[in-house]
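Chain by chain, the residues:
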Amino acid sequence: MSKYTEVDMKDVELNEGNPERQPVAAANGDASSGLLSENGITKIKIADEKESKFTGLSKEELLKVAGTPGWVRARWALLVLFWLGWLGMLAGAIALIIQAPRCKPLPELNWWDLGPLYQIGDVNAFAGPAGLKSKDLGAKIGALGQLKVKGLIVGPIHVSTADQFDDLNLTEIAPSAGSLSDLETFINAAHKKGMSVVLDLTPNYKGSEPWFSNASLTDVAEAVRAATDHWLDKGVDGILLYGFEHVAKVVPLVWDSIRETVSNHTEEDKKKVLIGVTEATSPDDVNVLLNQTGVDLLLSDVLRNKSGDAVEQVVENLYSQNGIQLAWNLGHRVKGHLATMVDSMAVKLHQLLLLTLPGTPVFNYGDEIGLKDENTVYPVMIWDSSDTNETEKSQVEQRNSLRTFFRDVSDERVKSRSLLHGDYILLSSTASTLAYLRSWDQSDCYIAAFNWNPTDKDTLQLRHELLPDKATVVVSTNEEKMAHAQSINLLEFELEPQQAVLLKFPHVA
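Within each chain, residue numbers correspond to sequence positions counted from 1 in written order. Given that this is a predicted model, residues contribute local features only at a pLDDT of at least 70 and side-chain atom pairs are listed and counted only at 80 or more, while totals for whole chains, interfaces and linings are drawn from all residues. The basis for every side-chain value is the complete set of heavy atoms in the structure, and neither hydrogens nor water enter the calculation.

Participant: Teacher, can you tell me more about the overall build of the protein chain here?
Facilitator: A run of H or I in DSSP becomes a helix once it reaches four residues, and a run of E becomes a strand once it reaches two; helices and strands are each numbered from the N terminus. The helix and strand inventory of the protein chain stands at 15 helices and 20 strands. Classification of the 509 residues of the protein chain by burial places 44% in the buried group. Restricting to contacts in the protein chain with at least 6 residues of sequence separation, those with at least 24 account for 68%. Surface exposure here means Shrake-Rupley accessible area, sampled with a 1.4 Å probe, where a residue is shielded only by the protein chains that are shown. By element, 52% of the accessible surface of the protein chain is carried by carbon and sulfur atoms, the whole surface being about 27,100 Å². Throughout, exposure labels follow a simple rule: accessible area from a 1.4 Å probe, protein chains only, divided by the maximum for the residue type, with under 20% read as buried, over 50% as exposed, and the rest as partly exposed. The contact criterion used throughout is that any non-hydrogen atoms of two residues lie within 4.5 Å.

As structure tokens, this is what we get:
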């Protein structure tokens, strides 16, 4: 045996007795033990500890801290900051309210201020030979509702013989027009569509003098007062009278009683209207009649055969003294229809004029389609749009175009405070052109511009502190030159002959 044999054996015994010096299992590919060995050095892998969770202070700890001077000072500082912030926001809100522009108070409006009135002088010409008995009368009233008509002026329909006072019966309906039941049905149908009904009670409407002779004037006026009371009790919403100024002058006490009768029938939510019709053409005469007679609305001839700055002078005179309490018309039961008075190319222009002036527009039946008088002021209303040849087709297209234009402008008027009761401001006027602004508080503003010249174009240059540089077309009588929604430069734009346009722009604070 070698001399080292005994020593080697001792080393083996020592290795077997010392586990730390044994080969690690991981070195042979077993990593499950978590021990790593490299070059005889053993490494132990220790698993990461889970992150500790914050549990906050316990109740006892909080109570102990709450009373410390530092915490008391911090709490008071936070409380003061909270209330300072709250008071700052309150002060800011108050400042915004004070500095914000205040809304202009709305004027008191009556039902006749909210849309056009529509005069039906002859119910048979309007509805057909059956008059108030027409089966489709409700549908025709509905068609007027699409035009935003707010009142129907009907008649006269009472019994009367030309210039024969003894035959007058103001409370009986002429058989040719219908019966009391038919009238009540008509009134109910109109009310369901949001329209009021005004009755024309002009006594001698078939004769030469609307109130017969002066010898019987007092008796006639008394009869009108009694009939006014009668028909207002039947559900009529107002009375219209031609030649009223003669009665107010000659028998003022009876005229006052007629006014009081209308006033006494006024309901809490709806006022009855008294409308007068005069042949006066002077704005000064109209102002006198409005002030002295006390009528709610007055139809006159102040706009007849006028254009450009002549229209402006009339409007400015009446508006400055009466505000929006005005009625504007061209034709009516006695004078005839709009399309007979003006050139056919200017019908839309005058529709736009009446619908955008400050006050109540009044139209004769058929003015919305350009109905013309044919040897009578009571032409038959055209309801059937059928066409059998090219001539009729062209006429149908023209009527439809006029009605659509009327409807669009009337609809815009109903939706806009500026057009309903806004201020009227002149922008420009010449012998043949006119432009004015309608504005109300913080609502959209409108510009109505007209050129009456039948042959020449005209360039308008509109400058005013309330105007922007551009505005948008709402409607135009010539869509080829100015289309809907087109932007127009107000500093200079051109109107074709007999063209009118309604422009709109947003209110600028």
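Let us keep going from here.
Participant: Quick question: what am I supposed to make of the environment of Gly-128 here?
Facilitator: When you line up the elements, Gly-128 lands in the loop between α4 (123-127) and α5 (137-145). Spatially, the C-alpha atoms of Gly-128 and Trp-383 are 9.9 Å apart, while their sequence positions differ by 255 residues. Setting aside residues no more than four positions away along its own chain, Gly-128 makes contact with Val-123 and Ser-134.

Participant: How do you make sense of the side chain of Lys-272 when you look at a structure like this?
Facilitator: For Lys-272, the position within the fold is in the loop between α9 (252-264) and β9 (273-277). Taking the relative accessible area as the measure of exposure, Lys-272 reaches 4% and is therefore buried. Whenever two N or O atoms come within 3.5 Å, that pair is a polar contact, provided that in protein one can donate a hydrogen and the other can accept it, and provided that, for residues adjacent in sequence, both atoms are side-chain atoms. One polar contact links the side chain of Lys-272 to the main-chain carbonyl oxygen of Val-236, over a distance of 3.1 Å.

Participant: Help me understand the sheet that holds strand β4 (residues 151-154) in this model?
Facilitator: Within a beta sheet, neighbouring strands are joined by backbone hydrogen bonds and run either parallel or antiparallel to one another. Two strands qualify as a pair provided DSSP detects at least 2 bridges between them. Read across the open sheet, the 8 strands follow the order β10-β9-β8-β7-β4-β3-β12-β11; overall the sheet is parallel. Taken across any chain shown, the strands that pair with only one partner, and hence form the sheet edges, are β10 (297-299) and β11 (327-328). Alignment of β9 against β10, held across 3 bridges, turns out to be parallel. Across the sheet, the residue bridging to Val-277 is Leu-299, located in β10.

Participant: Would you explain the sheet that holds strand β17 (residues 470-476) in this entry?
Facilitator: Pairing in this open sheet of 6 strands is antiparallel, and the strands run β13-β14-β15-β20-β17-β18 from one edge to the other. Of all the strands in the sheet, just β13 (423-429) and β18 (487-489) have a single pairing partner and so form its edges. Each adjacent strand pair in this sheet contributes to an overall mean axis angle of 30 degrees, direction not counted. Pairing of β17 with strand β20 (residues 500-505), which is carried by 4 bridges, proceeds in the antiparallel orientation. Lines are fitted to the C-alpha atoms to define the axes, a helix being fitted only along its stretch in contact, and any angle between axes, read from their N-to-C directions, falls within 0 to 180 degrees.

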